[in-house]
Amino acid sequence: MTKKKPQPVRIKENNWTIDEYYRLPEDGNQYEIINGVLEMKPSPSTTHQRISHKLERTLTDSCESEYIIFDAPIDVVLSEKETRQPDILLIHRSREHIIEEHAIVGPPDLVIEIISPSTAKQDRTEKLESYASFGVAEYWIADHANLTIEQYGLRKEESRYQLLNFFAQDDTVFSERIACASFVVKDVLTIKKTRGGSS
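All of these numbers come straight from a predicted model, not from anything done at the bench. (Residues numbered from 1 in each chain as written. Predicted model: local features only at pLDDT ≥ 70, side-chain atom pairs only at ≥ 80, totals over all residues. Heavy atoms only, no water.)

(A) The arrangement of the environment of Asp 109 in detail. Positionally, Asp 109 belongs in the loop between β8 (104-105) and β9 (110-114). Between the C-alpha atoms of Asp 109 and Arg 95, which are 14 residues apart in sequence, the distance is 8.9 Å. Setting aside chain neighbours within four positions, we find Asp 109 in contact with Tyr 67, Leu 90, Ile 91, His 92, Arg 95, Ala 137, Glu 138 and Ile 178. At 3.1 Å, the side chain of Asp 109 and the side chain of Arg 95 are in polar contact. (Helix = DSSP H or I, 4+ residues; strand = E, 2+ residues; numbered from the N terminus. Contact = heavy atoms within 4.5 Å. Polar contact = N/O pair within 3.5 Å; in protein donor to acceptor, adjacent residues only side chain to side chain.)

Below is the structure:
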């Protein structure tokens, strides 16, 4: 029997605000407000978590002196009716003022989402549009199944992204904005098999 892929669960149709969001009980679930709609995020897979850890560790090794690095769960408040919980985000140390005790309040310099079959469409449409409209300068979509990273950057004086690079498995990721970032895609998005284990 094939297990059904988890999907985001919509809790209330519309008009959620940040104040209501912060009155939610601590129930162990992750939520986002998307254009006023509260959604519960499904728990990530173990593969997703391992890839996220490798990617965060790689960026920490090369970028920590310049950037503050977070991984999920962490609230990013983009507006009164829009919150996100990116898989990984970077904030330049000159912009540390957007880091508050309860959340990141404002757009990070880089957001990374690690896609799965159940989130790919949302990451490439809804989240892409949201991050661009609220001024996240750079957005990466990491696809560990296909060993690719899509790199998007804001167009000048516009609130939409252009595809800057499409990195395949043997490519070295680089960024003009995040100059400290440099790694080979397959080295980070591949989980090595161990004896008796699986990838």
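The discussion continues.
(B) How the structure looks around the pairing of strand β10 (residues 138-143). Most of β10 sits inside the fold, with 6 of its 6 residues counted as buried. Of the two faces of β10, the one carrying Glu 138, Trp 140 and Ala 142 and the one carrying Tyr 139, Ile 141 and Asp 143 are both buried. As defined by bridge partners, β9 adjoins β10 across 5 bridges and the pair is classed as parallel. Considered in β10, the bridge of Leu 110 is made with Glu 138. Where β10 folds back on strand β11 (residues 148-154), the antiparallel hairpin that results is connected by 4 residues, among which Leu 147 adopts a positive phi of roughly 55°. (Buried < 20%, exposed > 50% of the residue type's maximum accessible area, 1.4 Å probe, protein only. Pairing = 2+ DSSP bridges.)

(C) Focus on the pairing of strand β7 (residues 88-92). With 4 of its 5 residues buried, β7 lies for the most part within the structure. Examined bridge by bridge, strand β4 (residues 67-71) and β7 share 5 bridges and lie antiparallel to one another. Within β7, the position partnered with Ile 69 by the bridge is Leu 90. Note that β7 and β9 share 3 bridges and pair antiparallel. Each bridged residue has a counterpart across the sheet, and for Ile 88 the counterpart in β9 is Ile 112.

(D) Structural context of the nonpolar core. Among the nonpolar cores identified, the biggest contains 25 residues, and Leu 59, Cys 63, Leu 90 and Ile 149 are the most heavily contacted of them. For this core, the secondary-structure elements that each account for two or more residues are α2 (46-63), β4, β7, β9, β10 and α5 (185-189). With 4 residues, the single largest contributor to this core is α2. Once residues within four sequence positions are removed from consideration, Leu 90 is found in contact with Leu 59, Cys 63, Tyr 67, Ile 68, Ile 69, Pro 108, Asp 109, Leu 110 and Ile 178. In this structure, Val 76, Ile 91, Ile 98 and Leu 154 belong to the second largest nonpolar core, which totals 19 residues. (Core = buried A, V, L, I, M, F, W, Y, C linked by side-chain atoms within 4.5 Å.)

(E) The layout of surface pockets, seen in detail. In this model, the largest pocket occupies a volume close to 650 Å³. Together, 33 residues line the largest pocket, and Pro 44, Ser 45, His 48, Ser 116 and Thr 119 are the ones closest to its centre. Elements with a minimum of two residues in the lining of the largest pocket: β2 (30-34), β3 (37-41), α2, β9 and α3 (120-124). If you tally residues by element for the lining of the largest pocket, the top one is α2, at 4 residues. Class assignment of the residues belonging to the lining of the largest pocket gives a composition of 11 nonpolar, 12 polar and 10 charged. When its volume is computed, the second largest pocket comes out at roughly 400 Å³. Looking at the second largest pocket, it is lined by 17 residues, and the ones nearest its centre are Tyr 21, Glu 26, Asn 29, Asp 75 and Gln 85. (1 Å grid on protein atoms, 1.4 Å probe; cavity = no way out; pocket = protein on both sides within 12 Å on 5 of 7 lines; lining within 4 Å. Points joined across faces, edges and corners; volume = space filled by probe spheres on them. Nonpolar A, V, L, I, M, F, W, Y, C, P; charged D, E, K, R; others polar.)

(F) Molecular detail of the sheet that holds strand β5 (residues 76-79). As summarised here, the arrangement of the 3 strands in space is β6-β5-β8, forming an open sheet in which the pairing is mixed. On the outer flanks of this sheet lie β6 (82-84) and β8, each paired with one strand and no other. Here β5 runs beside β8; their pairing, made up of 2 bridges, is parallel. Bridging across to β8, Val 76 finds its partner in Ile 104.

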